[in-house]
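Chain by chain, the residues:
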Amino acid sequence: VYKVRYAPVLPHTLPAEAFLTIDRRLLPGDDPAAAAGDIRAAIGDLAPYEVSVSQGVFMLPALVDAEHPGVRALQAANLAVRGQEAEEYYGAGTFDAGGPSAHGIPTVMFGASGRASVTGTDFVPIAAVETEARVLAHLIVSQLGGEETPA
């Protein structure tokens, strides 16, 4: 549960309803409707209280095989520019890559990662953005069959 709302919200009145939003992460192959059913089953019978569960908005997961030609091309560009391949991992968050992946378009997340400063503000060093741009330029030119860009 990551969000709870009660109604009515009035002084001196106990709420009659509670609305809980549950973040149930989807894995590749999961059906969002089935996930909502799993949540309903986990809640069980709370008689005499009435409980309803409905599927809300969702984001699909993305998982692309590390040996996919697109991933290999991206890794080759990293190797050419940075001297090493990028770290591969399946992030615990949900990103926009799931939509295209669900429609058969292999989509990976790649980019300069941020860090938190001592004040807690996220930032990405300019040098990391410049390196990312060189990797992507190398990838694009190599995939278009043009001349290699200098590392």
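What counts and what doesn't
Residues numbered from 1 in each chain as written. Predicted model: local features only at pLDDT ≥ 70, side-chain atom pairs only at ≥ 80, totals over all residues. Heavy atoms only, no water. Helix = DSSP H or I, 4+ residues; strand = E, 2+ residues; numbered from the N terminus. Buried < 20%, exposed > 50% of the residue type's maximum accessible area, 1.4 Å probe, protein only. Core = buried A, V, L, I, M, F, W, Y, C linked by side-chain atoms within 4.5 Å. Expected span 1.5 Å × (residues − 1). Contact = heavy atoms within 4.5 Å. Polar contact = N/O pair within 3.5 Å; in protein donor to acceptor, adjacent residues only side chain to side chain. Arc of directions from axis to C-beta. pLDDT = per-residue confidence, 0-100.

*Asks:* So what's going on with the environment of Met59? Which residues, and what values?
*Replies:* Tracing the sequence through the fold places Met59 in the loop between α1 (32-43) and α2 (69-82). On the accessibility criterion, Met59 (38% relative accessible area) is partly exposed.

*Asks:* I'd like a rundown of the nonpolar core, residues and numbers included.
*Replies:* In terms of nonpolar packing, the biggest core is built from six residues, these being Ala73, Leu74, Ala77, Val81, Val135 and Leu139. Looking at this core, the elements that each hand over two or more residues are α2 and α4 (126-144). Take this core: its biggest share by element is four residues, from α2.

*Asks:* Explain α2 to me, using residue names and the numbers behind them.
*Replies:* With 14 residues, α2 extends 19 Å from end C-alpha to end C-alpha; this agrees with the ideal 20 Å at 1.5 Å per step. Listed in full, the buried residues belonging to α2 are Val71, Ala73, Leu74, Gln75, Ala77, Asn78 and Val81. The secondary structure elements touched by the buried residues of α2 are α4. Where α2 ends, the next residue or the one after it, Gly83, has phi of about 85°, a positive value.

*Asks:* Tell me about the side chain of Gln75, and please be specific about residues and values.
*Replies:* Topologically, Gln75 is positioned in helix α2. Overall, Gln75 belongs to the buried group, its relative accessible area being 3%. Within the structure, the side chain of Gln75 is placed 2.9 Å from the side chain of Glu88, a separation counted as a polar contact. The contact partners of Gln75, leaving out residues within four places of it in the chain, are Glu85, Ala86 and Glu88.

*Asks:* How would you summarise α4 if you had to cite specific residues and measurements?
*Replies:* For α4, spanning 19 residues, the distance from its first C-alpha to its last is 27 Å, which sits close to the expected 27 Å at 1.5 Å a residue. Here α4 has its buried residues at Val135, His138 and Leu139. Across the axial projection of α4, the buried residues extend over an arc of 100°, all falling on one side. Exposed side of α4, more than 90 degrees from the buried face: Ile126 and Leu144 are the residues found there. Residues of α4 that are buried in the fold lie against α2. Looking one or two residues beyond α4, the residue adopting positive phi is Gly145, at roughly 80°.

*Asks:* Explain the confidence of the model for the protein to me, using residue names and the numbers behind them.
*Replies:* A low pLDDT means the predicted coordinates there should not be read in detail. For the protein, per-residue confidence averages 87 on the pLDDT scale, and 90% of positions sit at 70 or higher. Of all helices and strands in the protein, the one with the weakest mean pLDDT is strand β3 (residues 115-116) (66), whereas α2 scores best (96).

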